[in-house]
Amino acid sequence: MTRIQMLSTAILLSILGCARISSPTGGPEDKDPPILITSNPSDGQTQYNQKTVTLVFNEAVTTKSIENNLIITPSIGGNFKTKIKRNTVQLLFDSAWRANTTYSFNFGNTIVDLNEGNIPENLYLSFSTGETIDSLSISGKITNLYTSEPVKQALVSLYPASDTLNITSGAALYLTKTDTAGNYKFQNLPSGNFLVYAAVDKNNNSKADTEKELYGFLMDTVYLTENIAQQSFSLQRLNVLPLAIKTNRHFGKYYDITFNKPITSYELESDIPLSHHLYSPDKIRIYNTMETYGDSTNLVINANDSIDSRLKQIVKLYFNESNLEGDKLTHDIYPSSPYISNIFNLKVAFNKPIVAYNSEKVILQKDSLNQFSIPDSLMTWNRSKTEISWTLNASNYIEPGEQLQAIFEKGAFVSVEADTSSLIQKAFQVAKSEDSGLIQGTITTDAPHFIIQLINNQGNVIRELYNIKNYTFNNLDAGNYKVRMIIDTNNNKRHDVGNILTRTPSESIIFYTDPISKSKTISVKKNWEIGDINISHTVNNKD
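Residues numbered from 1 in each chain as written. Predicted model: local features only at pLDDT ≥ 70, side-chain atom pairs only at ≥ 80, totals over all residues. Heavy atoms only, no water.

By the naming in an unreviewed UniProt entry, the protein chain goes by SbsA Ig-like domain-containing protein and is assigned to Roseivirga seohaensis.

A. Up close: the domain arrangement of the protein chain. Under the domain assignment, the protein chain is made up of domain 1 (36-128), domain 2 (136-237), domain 3 (245-319), domain 4 (331-430) and domain 5 (437-537). Its C-alpha centre places domain 2 at a distance of 27 Å from the equivalent point of domain 5. Contact with domain 2, which involves 16 residues of that partner, is made by 14 residues of domain 5. On the surface where domain 2 and domain 5 come into contact, there are one salt bridge. Between Glu 149 and Lys 520 there is a salt bridge, with the nearest N and O atoms lying 3.2 Å from each other. Between the two partners, domain 2 and domain 5, sit eight residue pairs in polar contact (both at pLDDT 80 or more). At the level of elements, strand S14 (192-199) and strand S15 (215-217) are the ones that each hand at least two residues to the side of domain 2 that touches domain 5. (Domains from an automatic or database assignment. Contact = heavy atoms within 4.5 Å. Salt bridge = Lys/Arg side-chain N within 4 Å of Asp/Glu carboxyl O. Polar contact = N/O pair within 3.5 Å; in protein donor to acceptor, adjacent residues only side chain to side chain. Helix = DSSP H or I, 4+ residues; strand = E, 2+ residues; numbered from the N terminus.)

B. Examining the packing of aromatic side chains more closely. Under the counting rule described, the total for this entry stands at 26 aromatic pairs. Aromatic pair Tyr 255 and Phe 319: ring centres 6.5 Å apart, planes at 75°, arrangement edge-to-face. Linking Tyr 255 in strand S19 (residues 254-259) with Phe 319 in the loop between strand S24 (310-318) and strand S25 (331-334), this pair joins segments that are 64 residues apart in sequence. Residue classification places Phe 319 among the buried residues on the basis of a relative accessible area of 5%. Where Phe 408 meets Phe 413, the ring centres are 5.9 Å apart and the plane angle is 40°; that geometry is what we call tilted. (Phe/Tyr/Trp six-rings, centres within 6.5 Å; stacked < 30°, edge-to-face > 60°. Buried < 20%, exposed > 50% of the residue type's maximum accessible area, 1.4 Å probe, protein only.)

C. Quick peek at the environment of Pro 515. Counting through the fold element by element, Pro 515 comes out in the loop between strand S41 (509-511) and strand S42 (522-524). For Pro 515, a relative accessible area of 58% gives the class exposed. Each C-alpha atom of the pair Pro 515 and Asn 358 lies 54 Å from the other, and the pair is 157 residues apart in sequence.

D. Molecular detail of the sheet that holds strand S4 (residues 71-73). If you trace the three strands from one edge of the open sheet to the other, you get S4-S7-S9, paired in antiparallel fashion. In the strand order of this sheet, the two ends are held by S4 and strand S9 (124-128), each with one partner. Taking each pair of neighbouring strands and ignoring which way they run, the sheet shows an average axis angle of 15°. Inspection of the sheet shows strand S7 (residues 102-106) paired to S9 by five bridges, in the antiparallel sense. (Pairing = 2+ DSSP bridges. Axes fitted to C-alpha atoms, helices over the stretch in contact; angles between N-to-C directions.)

E. Just the environment of Gln 230, in detail. Along the polypeptide, Gln 230 turns up in the loop between strand S16 (222-224) and strand S17 (233-235). Its relative accessible area of 72% is what places Gln 230 among the exposed residues. The spacing of Gln 230 and Pro 190 is 40 residues in sequence and 19 Å in space, taken between C-alpha atoms. Non-local contacts of Gln 230, meaning those with residues more than four positions away in its chain, are made with Ser 139 and Gly 140.

And the structure:
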């Protein structure tokens, strides 16, 4: 080899030594889900009694929480372990199957491919330990009662009609889950009479904890002799636990009675005068107006909840001295929006009862030269003296577009604890069309009583009307809204949800939905009128 050849070889080796050797970048992302090639037992197989189930796929797979999320119906008595070997999943059961029973395995998203986590489509397996396999089905859709949106991954439970259990008291033999569109389907069922329930089972105990989970039920018994579809219903909130006192004790300067759930009404019976109010939906607060400490007296508590569960209980009422500071007097003023209709309700809400009110310190003011007092005849207090309101006609004070100041001077209100209110003031004006928006529409229904509600973007009801078929919501701030109708079956001017204990149905809620976009959202702009927000509903025997 010549010197030039030797030099060239050395340079080449140096270049190769500096070069990085790496694996080639992969091809396109694998988006194909695993495909089941074979299984033992095969789908639809009869007279199968082995205690293993084996699945073989076309690629390597793994499992995700399969012991907790695999739905087997009817439910099994024991447990199983999982073995995975590349493309094979084996389930090893520790108890025998029931005789002459059809089993269904709904795998959901419990098996995925090893690299990208793709889920096999509609992975479902059924087999029978007897000579025949059950083949009937029940299907439907689960929605949220309050939004009418589909509920995904809701647990749907099927109980024999003769069963003493329901979704609040024990797990069902037959279970399935809704898909992303809220649809559910029970397959390979025997003939019989069934009750259908559903819940958002957050703690995976296969039943509904009514105090904290959405749940619902199909009103009618399903008489299953052939495949039945469109068995749809909604999920709701209704705590069906019996009403009970959770705690009753002094807290700082106060005596608090806390219930295990919200109450709708209450009465207190005592030999001494009491000042009290509903401090929160589930708590009554009593104030020590007598300034006595240590002594106790009997207090009779009568309370009701939303399912008319009644409670009557005697407790010992007492107060202890405390260095803890009491609640400072706070307030909220309504309407929250500065824009008002010509006839409007002015309201101030406090965090504790008011014992004194100075009407001379309450002023309506157009400007410094135009001030008005409010006649006491227009004033209304709520029962606990925590809310004061006046129904006013703005045209008595201002012209459209002009401002009206509501002024409550310092000390206008004195609370049960002798602290006085600070200065409260807010400016309102009757909105001109260029400053606000409007929604109007027509209700077509044969229901004798109904409620029309306007919902803001936070899901709160901000306006409602009763039995108005040509409705208008005006003076609206720019923003997104929804309109819904409630079929007020019992004419109590509120929405009542279904009671699972009495199998009473929920009052129907029907949202306006745009016929083209299918959206429920109505976007309002200033100086914008939106018409034809129409809702049509025919009452049937389930409403």
